[in-house]
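# Residue-level structure breakdown
Spelled out from the first residue to the last, the chains are:
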Amino acid sequence: LPIRTGDLYESDKIESAVDALTFAAGSAGYAFVEIEPTYRANPETDTVDVTFNVKEGQRVYVDRINVIGNTRTLDNVIRREMMLTEGDAFNRTLLERSRNNLRALGFFKEVTVEEARGTAADRSVVNVTVTEQPTGELSVGAGFSSVDSFVVNLGITERNFRGRGQNVVARVEWGSLRQQIDFRFTEPKFLGRDLRAGFDAACKEAKEKATS
């Protein structure tokens, strides 16, 4: 609870206390707990007694997980970041961690995770709603050096290649004496596990500078 005996009474703190208790109950598997605060004023001491009445109901299990709004990213890329699956006991802490995992990907402008009542009183539906955002970058540069004379650089980076969550980087450097192509591919969840795998490839070509 964010309030203690002797604290100045503020309605915002009471609401925060209700939210904290609701979150704690959700972490214990009670998704639809009802918490109602009641008050008893003490005019003689200028204090108020606050009682939080908790109706916990029964434990709840995840009926299904719906993924909404992913126009590009594949469902399995989102689901593998969820720390809850269908059939698990509802846990609000794991739900919050799942939302943080999805936000950390950098694929989405906004991520919301909400629960709703399922097909039975002890079942909950988790709705994961995402808003896609651009994940590619294009860089172009040009310069001049005493070695290569005129040099052109082109780079392309895609952090969510084909909506599979894969990272692809391609860079080209083209000069009068040297040409170089670099390519990098990374799979962050190799074989569906928390294992990163990938490869780098490079191709270089150099010409001797003409002298007179």
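The preceding data block contains the structure.
Residues numbered from 1 in each chain as written. Predicted model: local features only at pLDDT ≥ 70, side-chain atom pairs only at ≥ 80, totals over all residues. Heavy atoms only, no water.

On to the sheet that holds strand 4 (residues 108-117). Strand order in the open sheet made by the 3 strands is 3-5-4, with mixed pairing throughout. The sheet is open, and its two borders are formed by strand 3 (61-68) and strand 4, each paired with just one other strand. Going across the sheet, the axis of each strand differs from the next one's by a mean of 15°, ignoring polarity. As paired strands, strand 4 and strand 5 (residues 123-132) are joined by 9 bridges and run antiparallel to one another. Directly across from A116, in strand 5, lies its bridge partner V125. On the sheet, helix 3 (residues 92-105) packs against strand 4 and strand 5 and is oriented at approximately 160° with respect to strand 4. (Pairing = 2+ DSSP bridges. Helix = DSSP H or I, 4+ residues; strand = E, 2+ residues; numbered from the N terminus. Axes fitted to C-alpha atoms, helices over the stretch in contact; angles between N-to-C directions. Contact = heavy atoms within 4.5 Å.)

One pass over the full model with this rule turns up 6 salt bridges. Residue R99 is joined to E96 by a salt bridge in which the shortest nitrogen-to-oxygen separation is 2.2 Å. Residue R99 and its partner E96 are located together in helix 3, separated by 3 residues, close to a single helical turn. Taking the relative accessible area as the measure of exposure, R99 reaches 22% and is therefore partly exposed. (Salt bridge = Lys/Arg side-chain N within 4 Å of Asp/Glu carboxyl O. Buried < 20%, exposed > 50% of the residue type's maximum accessible area, 1.4 Å probe, protein only.)

In regular strands, side chains alternate between the two faces of the sheet. With 8 bridges joining them, strand 8 (residues 166-175) and strand 9 (residues 178-187) adopt antiparallel strand pairing. Bridge pairing links W174 to Q179 in strand 9. Between strand 8 and strand 9, which pair antiparallel one after the other, the connecting turn spans 2 residues.

In this section: unusual backbone geometry. Backbone geometry follows two general trends: most residues other than glycine have a negative phi, and most peptide bonds adopt the trans configuration. In the Ramachandran plot, D46 falls in the positive-phi region, its phi being about 55° despite a non-glycine side chain. Looking at the secondary structure, you find D46 in the loop between strand 1 (34-42) and strand 2 (47-55). Despite not being glycine, R162 shows a phi value in the positive range, around 55°. Position of R162 among the secondary structure elements: in the loop between strand 7 (149-161) and strand 8. Judged by relative accessible area, which is 57%, R162 ranks as exposed.

One full turn of an α-helix is made of 3.6 residues, so residues set three or four places apart face in the same direction. For helix 1 (residues 11-27), which comprises 17 residues, the first-to-last C-alpha distance of 25 Å matches the rise-based estimate of 24 Å (1.5 Å per residue) to within 8%. Within helix 1 the residues assigned to the buried category are I14, A17, V18, A25 and G26. Packing partners of the buried residues in helix 1 comprise strand 1, strand 2 and helix 3. Looking one or two places after helix 1, you find G29, whose phi comes out positive at around 100°. (Expected span 1.5 Å × (residues − 1).)

Another point: the packing of aromatic side chains. Tallied over the entire structure, the rule returns 4 aromatic pairs. Taking 6.2 Å as the distance between ring centres and 90° as the angle between the ring planes, the aromatic pair formed by Y9 and Y39 counts as edge-to-face. With Y9 in the segment before helix 1 and Y39 in strand 1, this pair connects stretches of sequence that are 30 residues apart. Residue class for Y39 comes out partly exposed when judged on its relative accessible area of 44%. Aromatic side chains F183 and F199 sit 6.0 Å apart centroid to centroid with 35° between the ring planes, which places their arrangement in the tilted category. Taken together, the residues span a long stretch of sequence, with F183 in strand 9 and F199 in strand 10 (residues 197-206) at a distance of 16 residues. (Phe/Tyr/Trp six-rings, centres within 6.5 Å; stacked < 30°, edge-to-face > 60°.)

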